[in-house]
Amino acid sequence: MNQKTLNTLEFNKILEQLALKCGCCVSRELAASLRPFDELDDVNSELALTSEAETFNIRTGSSPVDDFPDMRSTLKRVNAVLHLSCEELLNVGKCLKAIRRCREQLFRENPEGENALPLLGNMASGLMAHRAIEEEIERCILSEDEVADAASPALSRIRRQMKIANEKVRAKLNDMIRSSTYSKYLQDPLVTIRNGRFVIPVKQEYRQNIPGLIHDQSGTGATLFIEPSAVVELGNEYKKLVMEEAAEVERILAELTEMIKPSANDIYADLLTLGEIDLCFAKAKLARDMRAVCPKLNSEGRITIKKGRHPLIANDKVVPIDIWLGGEFTTLIVTGPNTGGKTVTLKTLGLFTLMAQAGMFVPANVGTELAVFRNVFADIGDEQSIEQSLSTFSSHMKNIVGILEEADDESLILLDELGAGTDPVEGAALAMSILEELHSRGCRTAATTHYSEIKAFALTHEGMQNASMEFDVDRLCPTYRLFIGIPGKSNAFEISKRLGMSDYIIENAREYLTKQDVDFETVLATAEDEKHKAEREREEAENARRELDALRADMRSERKRFETEKAELRLKAKEEARKVVADAKREMEALIMQIRSMKDIDQRAADRVIQQARDAVRQKDKELYETPQEQRMIEGSAPKFVTPGQTVRVVSLDKEGTVIGKAKGGEVPVQVGIIKLNVKLDDLREVKETKAASSNTKVEYAADKTVGLELDIRGMMVEDAKPVVDRYLYDCKRQALNEVSIIHGKGTGALRAGIQAFLKTHPKVKSFRNGNYGEGDFGVTVVTLK
């Protein structure tokens, strides 16, 4: 891309904003040197990286790259030095920590076994975690100028000895300064250090009274700093230990440096990768602040910007604009008053293209589409030069000559005030010739002008289109709204009149216009009025559509509420009916007990009548307990998707089961007890997980639920069925039922045996037996309650 164009469109200011979002030194350098790509695949990859960074930010709220010191120059020269300093080693350790944390965080964002961030994950996979070096530096280096005692056993021993020697020297000197014999010779009663030796301040005149070595004196010469002879040996011992400490520290630093040397190039490369990753997150942060979207890209030269906002204009002042170019027309001529927004429109078009091709989102609405160009050229602004003897017109022509030398069908051309600065007739003619040449080359061109000839030129040439910036004549200010399809009307007379110009002067001015000019302006005025009228009607239609959509939504909500209330009333009626049936059951059981206590009747005939009555009651009970359509409606809608292992309820069976596979063709494999079956997704409902004390069975009973005379546990395992049977028996006892049936099926007999063994010890069971003929035989256990 042409650097002049980047500066003209203020791309450098976007890069300055981007650099402020960077979290490390390397990414800030990369942001400053960022340039747009010119290949579609490269641009798509850059935008995909920004999208992944945005996804990570939404999930975690942070960037995986921590700030780190710039150690690139240190890593380059590490092989040429004996050892690095404590500060340098500490900073290398910080770099290693940043590399490791970035790798860990990007690899942690890997849900469902598939990398949700493939591009960033691929970049992070190249990072190398030097954990051993990092931990060794952290263990040995305490601060920028201190090595830890535990860095080596020798250093620990030396420092212990230094501490002991130090204490001995200080103790000896403290005895001297507290002694009445020596205290009178001292300037101050304190111990200090000069040239690495412990000394005491002695008055000049008493030099002979304290034998020892003079290491320093005060500025006035009144005080001498003397190391008494009594501590010289102790001082020598301490000095020797200091030298040993320095040698051991140097050895440790050299050892740590040797650990780094083989990996220096890898660490250097990883720091560059960290900068690239952080730059992606800086782009995502900038996009969030700009409320920007990822544009769709193409290589056919099509541009569609929806509600685009210039990124360098404050949000409370910018006016969104819609621009399209490269579809039905490839050349756009924008007209309108000065300060009306024409130049901002050109810059928005060019800056959006540069930002997208640099991998940045653009501040516009969803649906924005941009093209990838090999070159973007812009001639915008007044660049007259006194030093080079260039007028405004000359400077523009010099730029345009350069553009014409390079422009082709993969170029975006932005020309501001084309043909201005010279004779209007010649300028307009030259402008039309330039536009025609660019159009013939297949360039995507947007130009601004005030010339009526160029407006008419665009109207008569296929592939060219006029556009105008709206101006509010009543308020004498531009609205900055762009209208494509209608050339702008000159408002010079209207503006002058509102500013106080005399009417007769304006009328005289009209006399100087040719009939052709008047007719053209009249046509433009009529077209502009029609455009505004159509715009108002479109807005009214849009408002009406929104009101209709809101009304439809309210009606759907009201209808759903009505259906729900109707279903609830039906369920309430059935609940009352179930209570009536339950009362009838209790009364019937009482009558059965009385009948069986009679000895004068035929018991077989009585049993048949009783069984028929029970069957009728059971059928009615079954009908009342079936889950009707309205119950399904109240219980909620079917889930959009289910996952293997999820607990669901099969509405048609009124049973809970477990999803055992992925949905195929709208059906889901579900295991209900020991039975595996395929169930339609809309026949399932989600079930909230509840933990049982000793099994995985989910048992939920409403406190006021009326239980039936039989419990069906077919398909359950023994351990799963026990808590269900237990709760059922307690509920039956609570409702004063005397005899109930547990349906377990015949099968292998394992469920029957397990349940009957459980019933033997149940506190509510008086007795139980296998079902008789007509009751289910061995597939049913009849239980008599206490």
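Before any of the text, the structure's been laid out above.
Predicted model only: the values in this text are computed from it and were never measured.

Student: Account for the packing of helix α8 (residues 131–140) against helix α11 (residues 232–260), with residues named and values stated.
Tutor: The packing of two helices is summarised by the inter-axis angle and the distance between the axes. At a minimum axis distance of 10 Å, the contact between α8 and α11 shows a crossing angle of 165°. Classified by the angle their axes make, α8 and α11 are roughly antiparallel. In terms of crossing hand, the pair formed by α8 and α11 is left-handed. Between α8, through Ala132, Ile133, Glu136, Ile137 and Cys140, and α11, the contact on the second element is made entirely by Ile252, Leu256, Met259 and Ile260. Along the lines of polarity and charge, the residues of the contact of α8 with α11 split into eight nonpolar, no polar and one charged.

Student: Tell me what's going on with helix α3 (residues 25–32), and back it up with residues and numbers.
Tutor: When we look at burial in α3, the residues that qualify are Cys25, Val26, Ser27 and Ala31. Taken together, the buried residues of α3 touch α2 (11–21), α5 (72–77) and α12 (264–290).

Student: Describe a negative patch on the surface, listing the residues and the values that go with them.
Tutor: Together, Glu87, Glu144, Asp145 and Glu146 make up a negatively charged patch on the protein surface. Looking at the element boundaries, Glu146 is found in strand β2 (residues 146–147). Given the relative accessible area of 37%, Glu146 is considered partly exposed.

Student: With reference to specific residues and values, describe the environment of Asp583.
Tutor: Counting through the fold element by element, Asp583 comes out in helix α19 (residues 515–597). Taking the C-alpha atoms as reference, Asp583 lies 9.4 Å from Gln735; in sequence the two are 152 residues apart.

Student: Explain the environment of Lys97 to me, using residue names and the numbers behind them.
Tutor: Here Lys97 is to be found in helix α6 (residues 86–108). Remark: the alpha-carbon pair of Lys97 and Arg131, spanning 34 residues in sequence, is separated by 8.1 Å.

Student: Please set out the sheet that holds strand β6 (residues 223–228) residue by residue, giving values where relevant.
Tutor: If you trace the four strands from one edge of the open sheet to the other, you get β3-β4-β6-β5, paired in antiparallel fashion. Edge positions in the sheet fall to β3 (192–194) and β5 (212–217), since each of these pairs with one other strand and no more. Across the sheet, the mean angle separating the axes of adjacent strands is 50° when strand polarity is ignored. Sheet topology places β3 next to strand β4 (residues 197–203); three bridges connect them, and they run antiparallel. Residue Thr192 lies in a different strand from β4, and its bridge partner there is Val199. Sheet contacts for helix α9 (residues 153–178): β3, β4 and β6; angle to β4, the most-contacted strand, approximately 10°.

Reading the values: rules and limits
- Residues numbered from 1 in each chain as written.
- Predicted model: local features only at pLDDT ≥ 70, side-chain atom pairs only at ≥ 80, totals over all residues.
- Heavy atoms only, no water.
- Axes fitted to C-alpha atoms, helices over the stretch in contact; angles between N-to-C directions.
- Helix = DSSP H or I, 4+ residues; strand = E, 2+ residues; numbered from the N terminus.
- Parallel < 35°, antiparallel > 145°, perpendicular 65-115°, else oblique.
- Left-handed = near helix turned anticlockwise from the far one by under 90°.
- Contact = heavy atoms within 4.5 Å.
- Nonpolar A, V, L, I, M, F, W, Y, C, P; charged D, E, K, R; others polar.
- Buried < 20%, exposed > 50% of the residue type's maximum accessible area, 1.4 Å probe, protein only.
- Patch = residues over 30% accessible without salt bridge, like charges linked within 9 Å, V, L, I, M, F, W, Y side chains within 5 Å.
- Areas by Shrake-Rupley, 256 points an atom, 1.4 Å probe, with all protein chains shown as cover.
- Salt bridge = Lys/Arg side-chain N within 4 Å of Asp/Glu carboxyl O.
- Lys, Arg positive; Asp, Glu negative; His and termini not counted.
- Charge placed at Lys NZ, Arg CZ, Asp CG, Glu CD.
- Pairing = 2+ DSSP bridges.

Read these as layout, nothing more, since geometry by itself doesn't imply function.
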